[in-house]
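Here are the chains, one letter per residue:
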Amino acid sequence: MTISSYFQAGQSYLIRFIGDADATATAQVLRRTAKTVRVMLEGEEKNLRVAVVNGVETVKPFGSYSMAPVMSAARPA
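Please read all numbers here as calculations on a predicted model, not as lab measurements.

Colleague: Provide a residue-level description of the overall build of the chain, including the pertinent values.
Modeller: When you go through the chain residue by residue, the secondary structure sums to zero helices and seven strands. When the helices and strands of the chain are placed in sequence order, the string is β-β-β-β-β-β-β. The C-alpha radius of gyration computed for the chain amounts to 12 Å, which stays within 12% of the reference 11 Å derived for 77 residues, consistent with globular compactness. Seen through its C-alpha atoms, the chain measures out along the principal axes to roughly 30 × 30 × 20 Å. Counting every position in the chain, which comprises 77 residues, the buried fraction comes to 29%. A sequence separation of at least 24 residues applies to 38% of the contacts in the chain between residues at least 6 apart.

Colleague: Describe a nonpolar patch on the surface, listing the residues and the values that go with them.
Modeller: On the surface, a cluster of nonpolar side chains totalling about 320 Å² of accessible area is made up of I18, Y65 and M67. Along the polypeptide, M67 turns up in the loop between β6 (56–59) and β7 (70–76). Judged by relative accessible area, M67 falls into the partly exposed class, the value being 44%.

Colleague: Help me get a handle on the sheet that holds strand β5 (residues 51–53), residues and values and all.
Modeller: The sheet built from seven strands is open, its strands ordered β4-β3-β2-β1-β7-β6-β5 with antiparallel pairing. Two strands in the sheet have a free side with no partner beyond their single neighbour: β4 (44–49) and β5. Geometrically, the sheet is characterised by an average inter-axis angle of 45° between neighbouring strands, direction not taken into account. Here strand β1 (residues 12–16) runs beside strand β2 (residues 24–32); their pairing, made up of five bridges, is antiparallel. Bridge assignment links R16 to a residue of β2, and that residue is T24.

Criteria and thresholds
Residues numbered from 1 in each chain as written. Predicted model: local features only at pLDDT ≥ 70, side-chain atom pairs only at ≥ 80, totals over all residues. Heavy atoms only, no water. Helix = DSSP H or I, 4+ residues; strand = E, 2+ residues; numbered from the N terminus. Rg over C-alpha atoms; globule rule 2.2 N^0.38 Å. Buried < 20%, exposed > 50% of the residue type's maximum accessible area, 1.4 Å probe, protein only. Contact = heavy atoms within 4.5 Å. Patch = residues over 30% accessible without salt bridge, like charges linked within 9 Å, V, L, I, M, F, W, Y side chains within 5 Å. Areas by Shrake-Rupley, 256 points an atom, 1.4 Å probe, with all protein chains shown as cover. Salt bridge = Lys/Arg side-chain N within 4 Å of Asp/Glu carboxyl O. Pairing = 2+ DSSP bridges. Axes fitted to C-alpha atoms, helices over the stretch in contact; angles between N-to-C directions.

Quick look at the structure:
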């Protein structure tokens, strides 16, 4: 599979909520490795595991559950 969108350090990205399409948040990628990104979210740093969905890197900054919001590398802020 070819990855078309990557998270880049220093870039901010939108977080979309499933229950309300108008509700968004932003997180800034501080640094990254091949498998994780460290983001600044709500004033604290979080280490998140990267998953590739349809060729785009994604993370779930608030945990993994049925209605979990997703941050996608295809949606820079």
